[in-house]
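What follows is each chain in one-letter form.
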Amino acid sequence: MEIISDPQDMRGRARQWRGLGLKVVLAPTMGFFHRGHVSLMEYGKTIGDRLVVSLFVNPAQFGPQEDLGRYPRDLDRDVRLAREVGVDCLYTPEAKAMYPPGYQTFVAVESLSQGLCGASRPGHFRGVATVVLKLLNQVSPQVAVFGEKDYQQLMVVKRMAADLDVPIKIVGRPIVREPDGLAMSSRNTYLTPEERAAALCLYRALVAARELVASGARSRENILAAVRQIINAAPGARIDYAALVDPATLQDVEAIRGEARLLLAVWVNKTRLIDNTLLSESRLCCV
Ligand code: AMP
């Protein structure tokens with residue numbers, strides 16, 4: 001596996017691959033790999049000739065009071081894991097190369113970035129859209145792979161690529177969970193054993209919502225009331241948002257007609273966790 005840090009070197013390698021007619025896939029990450037990341041890598045390997053995994057803890061998507069400084073990092077472990085999975089290139093640009101002095105250009109995906117995580121994390125999606133566009137320009141992949149765990153991010157990135165005519169396919173992949181249902185996240189490492197137990201309330205709330213829908217519930221009010229009750233009963237848990245939205249526009253829906261997405265952001269003491277699921281009138285699938 002090749003490790004590239006310099007954006008010019010990355011661009012050069014990508015140009016070379018393109019010249020050979022190879023299909024390049026990119027999976028952007030912030031590192032501290034877990035099985036969610038590995039699932040993106042494994043999928044990426046199946047659909048292309050060269051898999052690039054970017055590892056960049058992007059300062060532009062963190063607010064001033066957020067966890068940029070203490071975001072978990074373990075490059076040696078990440079290198080080992082990526083090598084084991086068969087990643088072709090780990091791209092690890094430095095912040096000063098991504099945002100050199102004088103940097104001043106940012107991408108705003110307006111409406112989709114506004115509510116939900118965008119409301120509690122102002123500027124977050126501007127940072128995400130900007131770094132993803134930069135990575136797409138540097139790596140020029142034919143496909144980029146993202147997790148549905150960060151559902152709003154996935155929608156923002158799809159919109160950005162479509163609106164700015166980036167010739168790429170953006171693929172969303174299913175959420176990977178711990179055996180008990182907690183969505184895998186690098187931030188789970190912040191949780192004490194007690195908080196880890198409380199954090200299960202997100203998954204429990206999603207499962208309860210699915211069961212309600214399976215038994216005929218459709219209204220937003222009923223579904224969100226059940227969700228709130230479960231989360232509020234967990235020690236240390238505080239809801240940032242619980243939203244029932246149209247899967248494409250992320251606008252609130254009053255009732256499930258066809259499909260809706262239930263999106264959750266919950267503070268467990270000082271750790272903010274997100275999770276989501278599809279709620280479908282007709283389809284019974286697992287969370
Ligand atoms: P991150 O390193 O947290 O920025 O995540 C990098 C990519 O992995 C993003 O596309 C995430 O949506 C995806 N991802 C993170 N956690 C999971 C998970 N539990 N299941 C599937 N994809 C995930």
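Residues numbered from 1 in each chain as written. Predicted model: local features only at pLDDT ≥ 70, side-chain atom pairs only at ≥ 80, totals over all residues. Heavy atoms only, no water.

### Digging into the overall build of the chain
Argument step 1. When helices and strands are tallied, the chain shows 10 helices and 9 strands.
Argument step 2. Taken over the C-alpha trace, the chain has a radius of gyration of 19 Å; the compact-globule value for 287 residues is 19 Å, and the two agree within 12%.
Argument step 3. For the chain, the C-alpha atoms occupy an extent of roughly 55 × 40 × 40 Å along the three principal directions.
Argument step 4. Taking all 287 residues of the chain together, 53% fall into the buried category.
Argument step 5. Of the contacts made within the chain by residues no fewer than 6 positions apart, 73% connect residues no fewer than 24 positions apart.
Argument step 6. Taken as a whole, the chain presents about 13400 Å² of accessible surface, with 50% of it coming from carbon and sulfur.
Argument step 7. Counting 36 positive and 31 negative side-chain charges, the chain places the centres of these two groups 2 Å from one another. (Helix = DSSP H or I, 4+ residues; strand = E, 2+ residues; numbered from the N terminus. Rg over C-alpha atoms; globule rule 2.2 N^0.38 Å. Buried < 20%, exposed > 50% of the residue type's maximum accessible area, 1.4 Å probe, protein only. Contact = heavy atoms within 4.5 Å. Areas by Shrake-Rupley, 256 points an atom, 1.4 Å probe, with all protein chains shown as cover. Lys, Arg positive; Asp, Glu negative; His and termini not counted. Charge placed at Lys NZ, Arg CZ, Asp CG, Glu CD.)

### Side note on the site of the ligand
Argument step 1. In the neighbourhood of the ligand, 18 residues make up the surrounding shell, with His37, Gly147, Asp150, Val176 and Met184 lying closest.
Argument step 2. His37 is positioned with one of its side-chain polar atoms (N or O) 2.8 Å from an oxygen atom of the ligand.
Argument step 3. With respect to the ligand, the backbone of Val176 contributes an N or O atom lying 2.8 Å from a nitrogen atom.
Argument step 4. For the ligand, whose accessible area on its own is 490 Å², the fraction buried by protein is 94%.
Argument step 5. For the shell around the ligand, the element with the most residues is helix 2 (residues 35–47), which contributes 3 residues.
Argument step 6. Residues that form the shell around the ligand fall into these classes: 9 nonpolar, 7 polar and 2 charged. (Near = heavy atom within 4 Å. Polar contact = N/O pair within 3.5 Å; in protein donor to acceptor, adjacent residues only side chain to side chain. Nonpolar A, V, L, I, M, F, W, Y, C, P; charged D, E, K, R; others polar.)

### As for the state of the cysteines
Argument step 1. On inspection of all chains with the given rule, the structure shows 0 disulfides.
Argument step 2. Between Cys201, a free cysteine, and Cys117, which holds the nearest cysteine sulfur, the sulfur-to-sulfur gap is 15 Å.
Argument step 3. With a relative accessible area of 1%, Cys201 lands in the buried category. (Disulfide = S-S within 2.5 Å.)

### Some thoughts on the sheet that holds strand 6 (residues 169–173)
Argument step 1. Within the open sheet, the 6 strands sit side by side as 1-4-3-2-5-6. Their pairing is parallel. Strands at the two margins of the open sheet, each flanked by one partner only, are strand 1 (2–4) and strand 6. Strand-to-strand twist across the sheet, computed as the mean angle between neighbouring axes with direction ignored, equals 25°.
Argument step 2. Bridging between strand 3 (residues 50–55) and strand 4 (residues 89–91) involves 3 bridges; their strand directions are parallel. Bridging from a neighbouring strand, Ser54 pairs with Tyr91 of strand 4. (Pairing = 2+ DSSP bridges. Axes fitted to C-alpha atoms, helices over the stretch in contact; angles between N-to-C directions.)

### Quick notes on the sheet that holds strand 8 (residues 259–268)
Argument step 1. Strand order in this open sheet of 3 strands is 7-8-9, and the pairing throughout is antiparallel. Two strands lie at the open edges of the sheet, namely strand 7 (237–245) and strand 9 (271–280), each paired on one side alone. Ignoring which end each strand starts from, the neighbouring axes of this sheet average 15° apart.
Argument step 2. In the sheet, strand 7 pairs with strand 8 via 8 bridges, with the strands oriented antiparallel. Bridging from a neighbouring strand, Tyr241 pairs with Ala265 of strand 8.
Argument step 3. Against the sheet, helix 9 (residues 200–214) makes contact with strand 7, strand 8 and strand 9, and its axis sits at roughly 15° relative to strand 9, the strand it touches most.

### A closer look at the domain arrangement of the chain
Argument step 1. Assigned domains of the chain: these are domain 1 (2–173) and domain 2 (186–280).
Argument step 2. Measuring from the centre of the C-alpha atoms in domain 1 to the corresponding centre in domain 2 gives 26 Å.
Argument step 3. Opposite the 21 residues of domain 1 that make contact, domain 2 presents 18 residues.
Argument step 4. For the domain 1 and domain 2 pair, buried surface summed over both sides reaches about 1700 Å², with 54% attributable to carbon and sulfur atoms.
Argument step 5. Summed over the shared surface of domain 1 and domain 2, the number is 2 salt bridges.
Argument step 6. Salt-bridge contacts for Glu148 lead to Arg261; the nearest nitrogen and oxygen are separated by 3.3 Å.
Argument step 7. Put simply, domain 1 and domain 2 have 12 residue pairs in polar contact (both at pLDDT 80 or more) between them.
Argument step 8. Counting only elements with at least two residues in the side of domain 1 that touches domain 2, the list comes to helix 5 (117–120) and helix 7 (151–163). (Domains from an automatic or database assignment. Buried area = accessible area lost by both parts, 1.4 Å probe. Salt bridge = Lys/Arg side-chain N within 4 Å of Asp/Glu carboxyl O.)

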